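Given next are the chains, with one letter for each unit.
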Number of protein chains: 2
Amino acid sequence: MNLKNQVEWALHCCAVMMALPDGATLPAKVLAEFHGVPKEYLSKALQALSQAGIVVGTLGPTGGYRLAKKPEEITFLDIVEAVEGRRSTFQCGEIRANNPCLPKKHRASGPCTVARIMWQADEAWRTSLRGVTLAAMGEQLAQDVPAEILEKSRNWLVSRA
Amino acid sequence: MNLKNQVEWALHCCAVMMALPDGATLPAKVLAEFHGVPKEYLSKALQALSQAGIVVGTLGPTGGYRLAKKPEEITFLDIVEAVEGRRSTFQCGEIRANNPCLPKKHRASGPCTVARIMWQADEAWRTSLRGVTLAAMGEQLAQDVPAEILEKSRNWLVSRA
DNA sequence: GAAGTCTTACTCGGATACTTAATGTCCGAGTCTAGCAGG
DNA sequence: CCTGCTAGACTCGGACATTAAGTATCCGAGTAAGACTTC
């Protein structure tokens, strides 16, 4: 079980868009070139972000994508769920219902014990992701990446926005 | 991205084996019948548990599986990792290395910022699973399931052990 | 009758087909820019 | 020279092949039990 690599791409794209001046847009083509990934496929991830209301896409020449909200209002969970879906990673098959010892008209009183524990863990994962905003990630990024590279990349992007 | 349904089956099987008297074994055939799942496929999950040292399988007639340790010493994480593998759900593709602004001989100083955040969330998930032992699950199960059914199932299983 | 041996049937374990989801690619609908013609 | 128009090219958006992973199944190796033969 792996997360789609589109999740990774979407996160990186959002990080990049954060560096844009207000109102400027980046075409998927440029984002794809910057990250070295197939343009057409990356589009699907950006579409998902668009449908989730995280980014907005404008058409025509000089069109492209930009963040729809402030970086402080976008969490990692928002992005991950936009691409991966909101379903829990664990889905209960209700196999307890196949227990041959169950009386005919037995109705399960609540969710399966196993499922409940798995869902708790899933919720812990989501809570962790919910606690990190794009803005917070930007601060951490400034510490991890040399200022020179950061500035160079910023210029490279803005020149094609 | 979904966890394999084998994970669910493995967890239920461990829960069932917890009800066995010491030394008794349950064949995969019986476990499959009890849960209403294909026997041959369930075997794969049990094999994974066996290789991980969570259960032991004995051959021949009256053979089968039993827990290899005490329920207090087996965590949900052990079982999940035995079936799903120990790799993180998020794997970093190092797409930052494709940044065209990077100097030729640039070596990344540490893990990708994005990856680090995702791995933290993954670790939160694992920590949650690590905190629940089979024994703890057994207690919760006793509260969720009527005693009558619990006893009936126990007899059904022991009679075929 | 008891002990040893042999057959037998049952178990797990790994190797083999099939189906679904993820990956990658393509083409069409819509729109803004830029050039061009006309006033 | 300025304005309006038109054509073009670029954008996103959804529909279509290809590949990997998950799902399901089969058959063989090994073992313990039980029946049989022999002493």
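Given the structure is predicted, the values throughout are model-derived calculations rather than measurements.

> Could you clarify how one ought to interpret the nonpolar core in this entry?
Within soluble globular proteins, side chains that are nonpolar tend to cluster in buried spots. The biggest cluster of nonpolar side chains holds 98 residues, and the ones touching the most others in it are Leu49(A), Met118(A), Leu49(B) and Met118(B). The contacts of Met118(B), once residues within four sequence positions are left out, are Leu3(A), Val7(A), Leu11(A), Phe76(A), Val80(A), Leu129(A) and Phe90(B).

> How should I be thinking about the side chain of Glu81(B) in this particular structure?
Residue and element names in this part refer to chain B. As for its placement among the helices and strands, Glu-81 is situated in helix α4 (residues 76–84). Taking the relative accessible area as the measure of exposure, Glu-81 reaches 19% and is therefore buried. Once residues lying within four places of it in the same chain are set aside, the contact partners of Glu-81 are Arg-86 and Arg-126.

> Even after reading the chapter, I still don't get the interface of chain B and chain A, so can you show me in this structure?
Accessible area lost on assembly of the parts is the figure often given for the size of an interface. Listed per partner, the contact involves 54 residues of chain B and 54 residues of chain A. Approximately 5000 Å² of surface area, both sides summed, lies buried where chain B meets chain A, with 66% of it carried by carbon and sulfur atoms. A per-residue breakdown of the area chain B buries against chain A is headed by Met1(B), Ile95(B) and Cys101(B), which together make up 15% of the total. At the boundary of chain B with chain A, the tally comes to two salt bridges. A salt bridge links Arg116(A) to Asp144(B); its shortest N-O distance comes to 2.5 Å. Applying the counting rule to chain B against chain A returns 14 residue pairs in polar contact (both at pLDDT 80 or more). The set of elements that each furnish at least two residues to the side of chain B that touches chain A consists of α1 (5–17), α2 (28–35), α4, α5 (113–130), α6 (134–144) and α7 (147–158) of chain B. Element by element, the count of residues in the side of chain B that touches chain A is highest for α5(B), at twelve residues.

> Mind showing me how you'd approach the protein's contact with DNA strand D here?
The environment of DNA strand D is formed by 20 residues, the closest being Met1(A), Leu59(A), Gly60(A), Tyr65(A) and Tyr41(B). The share of sugar and phosphate among atoms of DNA strand D within 4 Å of the protein is 63%. The separation between a sugar or linking oxygen of DNA strand D and a polar main-chain atom of Gly60(A) is 2.9 Å. In the model, a phosphate oxygen of DNA strand D is placed 2.8 Å from a nitrogen or oxygen of the Tyr65(A) side chain. Looking at the surface near DNA strand D, the elements with two or more residues in it are α3 (39–51) and β2 (64–67) of chain A together with α1 and α3 (39–51) of chain B. Looking at the surface near DNA strand D residue by residue, the class counts come to ten nonpolar, eight polar and two charged.

> Sorry, what's going on with the pairing of strand β2 (residues 64–67) of chain B here?
The side chains of a regular strand alternate, residue by residue, between the two faces of the sheet. Residue and element names in this part refer to chain B. In the sheet, strand β1 (residues 55–58) pairs with β2 via four bridges, with the strands oriented antiparallel. The residue of β2 that forms the bridge with Val-56 is Arg-66. Between the end of β1 and the start of β2, which pair antiparallel, lie five residues, with Gly-60 showing a positive phi angle near 75 degrees.

> How should empty space enclosed by the protein be read in this particular structure?
Rolling a probe over the atoms, with the probe sized like a water molecule, indicates the empty space that remains. Taken as a whole and assessed by the stated rule, the structure comprises two cavities of 30 Å³ or more. Looking at the largest cavity, its volume works out to about 80 Å³. Forming the boundary of the largest cavity are Met1(A), Asn2(A), Val80(B), Glu84(B), Gly85(B), Arg87(B), Ser88(B), Thr89(B), Trp125(B) and Arg126(B). Listing elements by their share of the lining of the largest cavity, those giving two or more residues are α4 and α5 of chain B. Partitioned by chemical class, the residues of the lining of the largest cavity number three nonpolar, four polar and three charged.

> Explanation requested: the relation of the copies chain B and chain A in the structure shown.
One chain copy maps onto the other through a rotation about an axis and a shift parallel to that axis. Superposition record for chain B on chain A: RMSD 0.0 Å, screw rotation 180 degrees, translation along axis 0.0 Å. Such values leave the two copies arranged in the relation of a two-fold axis. Relative to the rotation axis, the C-alpha of Trp125(B) is the closest in chain B, positioned 2.4 Å from it. The share of interface residues of chain B whose copies in chain A are also at the interface is 100%, consistent with both copies meeting through the same surface.

> Explanation requested: the pattern of salt bridges in the structure shown.
Where charged atoms from two side chains of opposite charge approach closely, those side chains can pair. All names here are of chain A. The final tally for this structure, using the stated rule, is twelve salt bridges over all chains. Note that Arg-130 and Glu-123 form a salt bridge whose closest N and O atoms lie 3.4 Å from each other. Exposure remark for Arg-130: the relative accessible area of 40% places this residue in the partly exposed category.

> What should I look at first to understand the protein's contact with DNA strand C in this one?
Taken together, 21 residues surround DNA strand C, and among them Tyr41(A), Met1(B), Leu59(B), Gly60(B) and Tyr65(B) come closest. Within the side chain of Tyr41(A), an N or O atom sits 3.3 Å from a sugar or linking oxygen of DNA strand C. In this structure, a phosphate oxygen belonging to DNA strand C sits 3.3 Å away from a side-chain N or O atom of Gln51(B). Elements with a contribution of two residues or more to the surface near DNA strand C: α1 (5–17) and α3 of chain A together with α3 and β2 of chain B. The greatest single-element share of the surface near DNA strand C, amounting to three residues, is contributed by α3(B). By residue class, the composition of the surface near DNA strand C is eleven nonpolar, eight polar and two charged.

Rules of the game
- Residues numbered from 1 in each chain as written.
- Chains lettered and ligands numbered in written order.
- Predicted model: local features only at pLDDT ≥ 70, side-chain atom pairs only at ≥ 80, totals over all residues.
- Heavy atoms only, no water.
- Core = buried A, V, L, I, M, F, W, Y, C linked by side-chain atoms within 4.5 Å.
- Buried < 20%, exposed > 50% of the residue type's maximum accessible area, 1.4 Å probe, protein only.
- Contact = heavy atoms within 4.5 Å.
- Helix = DSSP H or I, 4+ residues; strand = E, 2+ residues; numbered from the N terminus.
- Buried area = accessible area lost by both parts, 1.4 Å probe.
- Salt bridge = Lys/Arg side-chain N within 4 Å of Asp/Glu carboxyl O.
- Polar contact = N/O pair within 3.5 Å; in protein donor to acceptor, adjacent residues only side chain to side chain.
- Near = heavy atom within 4 Å.
- Nonpolar A, V, L, I, M, F, W, Y, C, P; charged D, E, K, R; others polar.
- Pairing = 2+ DSSP bridges.
- 1 Å grid on protein atoms, 1.4 Å probe; cavity = no way out; pocket = protein on both sides within 12 Å on 5 of 7 lines; lining within 4 Å.
- Points joined across faces, edges and corners; volume = space filled by probe spheres on them.
- Least-squares fit on C-alpha atoms with pLDDT ≥ 70 in both.

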